[in-house]
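Here's the letter readout for the chains.
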Amino acid sequence: MNAKRQFSDELLARINEGKGLRIRAGTGEHRFIGIWVVVVKNRVFVRSWSVKPNGWYRTFLKQPSGAIQLAGEEIAVRAVQIKDKRLRDAIDRAYLEKYNSKGSLKYAKDLGSPKSRATTIELVPSGR
């Protein structure tokens, strides 16, 4: 059985405590952008809200490698699509719990829509 790569407990805590994550999809000319992120069962998940044709989500579908920035450190990641309904349900709840301010709640609810649920990606360290 292969051990799945995971982020350290310290990185998971920093990701979980932060309101967003800086991410760059692929290895091309994409820049780092800020997106919302949740941690569920010690795993890191992101979803696309806008699903733009040339955005980070579509880039990850074509080229699943990328990077995140955390406290000035760049960490190589690999994007893994998530299809499991129960896990997606838990991710919905995590977005609603984490982004629960009056101004954020509308967007957190939108991230639970079928369009955004379909973009659920797990970020795992790639060690490249």
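Above this text is the structure in question.
Remember, predicted model here, so these are calculated numbers, not experimental data.

Caption draft 1: View of the pairing of strand E3 (residues 37-40). Side chains of E3 alternate between two faces, with Val37 and Val39 and Val38 and Val40 buried alike. As paired elements, E3 and strand E4 (residues 43-46) share four bridges and run antiparallel to each other. Across the sheet, residue valine 38 finds its bridge partner in E4, namely phenylalanine 45. The hairpin formed by E3 and E4 contains two residues between the paired strands, and lysine 41 there has a positive phi angle of roughly 55°.

Caption draft 2: Focus on the packing of aromatic side chains. Summed over the entire model, instances satisfying the criterion amount to five aromatic pairs. Aromatic side chains tryptophan 36 and tyrosine 99 sit 4.0 Å apart centroid to centroid with 5° between the ring planes, which places their arrangement in the stacked category. On the criterion of sequence distance, the pair formed by tryptophan 36 in the loop between strand E2 (33-35) and E3 and tyrosine 99 in the loop between helix H3 (85-98) and helix H4 (102-110) is long-range, its members being 63 residues apart. Judged by its relative accessible area of 25%, tryptophan 36 is partly exposed. Judged by relative accessible area, which is 2%, tyrosine 99 ranks as buried. Ring centres of tyrosine 95 and tyrosine 99 lie 6.0 Å apart, and the angle between their planes is 25°; this geometry places the pair in the stacked category. Tyrosine 99 matches tyrosine 95 in its accessibility class, with the two residues each being buried. Put simply, the rings of Trp36, Tyr95 and Tyr99 pair up and form one aromatic cluster. The ring of tyrosine 107 carries lysine 106 above its face, with NZ or CZ at 5.0 Å from the centroid.

Caption draft 3: Highlighting the side chain of arginine 117. By secondary structure assignment, the location of arginine 117 is in helix H5 (residues 114-117). Once residues within four sequence positions are removed from consideration, arginine 117 is found in contact with Arg47, Lys85, Arg88, Asp89, Asp92, Leu111 and Gly112.

Caption draft 4: Spatial organisation of the sheet that holds strand E6 (residues 73-81). With antiparallel pairing, seven strands are arranged side by side in an open sheet as E2-E1-E5-E6-E7-E4-E3. Two strands in the sheet have a free side with no partner beyond their single neighbour: E2 and E3. Going across the sheet, the axis of each strand differs from the next one's by a mean of 40°, ignoring polarity. Where strand E1 (residues 21-25) and strand E5 (residues 65-70) come together, four bridges link them in antiparallel fashion. Pairing of arginine 24 across the sheet is with alanine 67, part of E5. Against the sheet, H3 touches E3 and E4, its axis set at about 125° to E3.

Caption draft 5: Representation of the environment of lysine 98 in the model. As for its position among the elements, lysine 98 is in helix H3. Sequence separation between lysine 98 and glutamate 17 is 81 residues; the distance between their C-alpha atoms is 9.0 Å. Excluding its chain neighbours within four sequence positions, the residues that come into contact with lysine 98 are Ile15, Asn16, Gly18, Lys19, Val37 and Val38.

Definitions and limits used
- Residues numbered from 1 in each chain as written.
- Predicted model: local features only at pLDDT ≥ 70, side-chain atom pairs only at ≥ 80, totals over all residues.
- Heavy atoms only, no water.
- Buried < 20%, exposed > 50% of the residue type's maximum accessible area, 1.4 Å probe, protein only.
- Helix = DSSP H or I, 4+ residues; strand = E, 2+ residues; numbered from the N terminus.
- Pairing = 2+ DSSP bridges.
- Phe/Tyr/Trp six-rings, centres within 6.5 Å; stacked < 30°, edge-to-face > 60°.
- Lys NZ or Arg CZ within 6 Å of the ring centre and 35° of its normal.
- Contact = heavy atoms within 4.5 Å.
- Axes fitted to C-alpha atoms, helices over the stretch in contact; angles between N-to-C directions.

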